[in-house]
Amino acid sequence: MSGKHYLKLGGDAGNVGYGFSLVALWQHPSMAGKCIDGTPEVVTGTRKMFIQDKPSMATTAQHSLSINPAEGTEQPGQSPAWMLVSSVSENGTCQKVAVSVSNFLVGRSSSCHLTIADPTVSGRHAELLVIDRDLFIRDLNSTNGTLLNGRRVQNLTGLRSGDVLHFGSVMYTLNSADSEAIPEATMMADVSTEAMAQLQFDKLLKRPGLKPYYQPIVRLDDHSRVAFEVLSRSTLIGLETPDKMFRIAAQRTSEVELSIVCRHEGLRVGEGMGPDVQFYLNTHPAELKSTQLFNSLTTMREEFPLMDIVIEVHEAAVASTDFLRQLRTVVSDLGMKLAYDDFGAGQARLKELFDVPPDVLKFDVKFVNGLPFASPQQRATIQSLVKLVRDLNVIPLAEGVETTEEAACCHELGFELAQGYLFGRADTAAHWAQH
């Protein structure tokens, strides 16, 4: 192939992310004789695919590792910009391998720069390419595949510091020399936890490690329990909290699937708490971008036809009033109720509140914190908001109530419902069955 080849993306030539040079890619020795096949396509997020390459199939042959001075294009005058860090071994150590050449081969073969003696690793498994100090990876048609943050690498893909790579079942974390140095003990612990989280995420979606917790919602006039909000936890290492679970889910673009599983498991376990219990179920912002949420709610109602359900959404995450209106209709048709969560946490969208009023409006904790010490003007403002909500036939709920003084102030200002540590922390269904 000869001559110059130009690539245009979205009207701007060379706008490919990562400050990456197409010229550098074209001149890279490992690309000799290969062609750029049409328009690139996005693999994940801002990571781009540039090359359609069909290397020959590798063959597969006790996990040990060796680093070989195999042939490759060295980077004279430069220290390696990238480091592969292995998962923690049984003796509590992890190995660091510098990506010391510009086309760095990983596999079971002794000719690779990084040799991994593991039966799940192919002879020539994957290749790391250093281009202008940026790092890219491609799988070499390995038998068991190469995973980037839990997703299979299909094409040449850009890498970032902190990415998690699996060659077969063997895991490495990628570190950049340009990133801030991390103490070795901390890095080893983080790598180990990340590895466990990645490996166990699929188990989480199958429910064995998912454990629903329930936080009570009470009436402020008599503090009687009227409902529970379902909050998910996990017994799996590295996935213990919602933040950890959904961080890994985001790497795999599985937020919607995880959110559906959390709701289903919350109802399945909560069903044993009694026939008259109302459950508030959360949604994830990723679900509010399509009608897939409507289908999941319909399926959920078919599985739990008699349960009293309130669906919580953060209305600020909804793209349009039309979507909220559709959601309101679907929820009503299914015999469920709708709640807007964290009202006032960001921009309070009063238009949506008027156009598509929910059944319950959950006021953000910032309205409650310090309320007993608020000025008369502040109290009057909150009281006016609560009255406006009640005039719309919407039930106002105060979140984050922690003291009896805060509860008394909320009741005085017109709140009907409340939740917070004062009335009970989130706990298991078994706990609430005994209390």
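Up top is the structure.
Okay, so let's go over this structure. (Residues numbered from 1 in each chain as written. Predicted model: local features only at pLDDT ≥ 70, side-chain atom pairs only at ≥ 80, totals over all residues. Heavy atoms only, no water.)

### Looking at the sheet that holds strand E22 (residues 360–363)
Our working rule: Strands qualify as paired when DSSP identifies two bridges or more between them. Under the DSSP-based scheme used, a helix requires at least four consecutive residues in state H or I and a strand at least two consecutive residues in state E, with every element numbered from the N terminus. Helix axes use the C-alpha atoms of the stretch in contact, all axes being lines fitted to C-alpha atoms, and the angles between their N-to-C directions lie in the range 0 to 180 degrees. Contact definition: two residues touch when any of their heavy atoms are within 4.5 Å.
Read around the closed barrel, eight strands run E17-E18-E19-E20-E21-E22-E23-E24, paired in mixed fashion. Strand-to-strand, the axes of this sheet are offset by a mean angle of 30°, without reference to chain direction. Across the face of the sheet, helix H3 (residues 242–251) comes into contact with strand E17 (210–219) and strand E18 (225–234) while running at roughly 55° to E18.

### Quick word on unusual backbone geometry
The test is simple: For the exposure calls, accessible area comes from a 1.4 Å probe over protein chains only, and a residue counts as buried if that area is under 20% of its type's maximum, exposed if over 50%, partly exposed in between.
With phi around 55°, Asn 141 is a residue other than glycine that occupies positive phi space. Looking at where Asn 141 falls in the secondary structure, it is placed in the loop between strand E11 (134–139) and strand E12 (146–148). For Asn 141, a relative accessible area of 31% gives the class partly exposed. Notably, Asp 342 is not glycine yet its phi reads approximately 55°, a positive angle. Within the secondary structure layout, Asp 342 lies in strand E21 (residues 337–343).

### Side note on the side chain of Thr 115
Threshold: Counted as a polar contact is a pair of N or O atoms within 3.5 Å, where, for protein atoms, one must be capable of donating a hydrogen and the other of accepting one, and residues adjacent in sequence contribute only when both atoms are in side chains.
You can see Thr 115 is positioned in strand E9 (residues 114–116). Owing to a relative accessible area of 8%, Thr 115 belongs among the buried residues under this scheme. Polar side-chain contacts of Thr 115 include one of 3.0 Å to the backbone oxygen of Ser 109.

### Here's the deal with the layout of surface pockets
Basically, it comes down to this: Each cavity reported here is a set of points on a 1 Å grid over the protein atoms alone in which a 1.4 Å probe fits but cannot get out, each pocket an open set with protein on both sides within 12 Å along at least five of seven lines, and each lining residue one with an atom within 4 Å of a point. Grid points are joined across faces, edges and corners, and a volume is the space filled by probe spheres set on the points. Think of it as three bins: nonpolar holds Ala, Val, Leu, Ile, Met, Phe, Trp, Tyr, Cys and Pro, charged holds Asp, Glu, Lys and Arg, and polar takes everything else, Gly as well.
As a volume, the largest pocket reaches approximately 710 Å³. Around the largest pocket, the lining is made up of 25 residues, and of these Glu 229, Leu 231, Pro 242, Asn 282 and Thr 283 lie nearest the centre. Only E18, H3, helix H4 (255–270), strand E19 (278–282), strand E20 (308–313) and E21 provide two or more residues apiece to the lining of the largest pocket. Take the lining of the largest pocket: its biggest share by element is five residues, from E18. Across the lining of the largest pocket, the residue classes tally to eleven nonpolar, six polar and eight charged.

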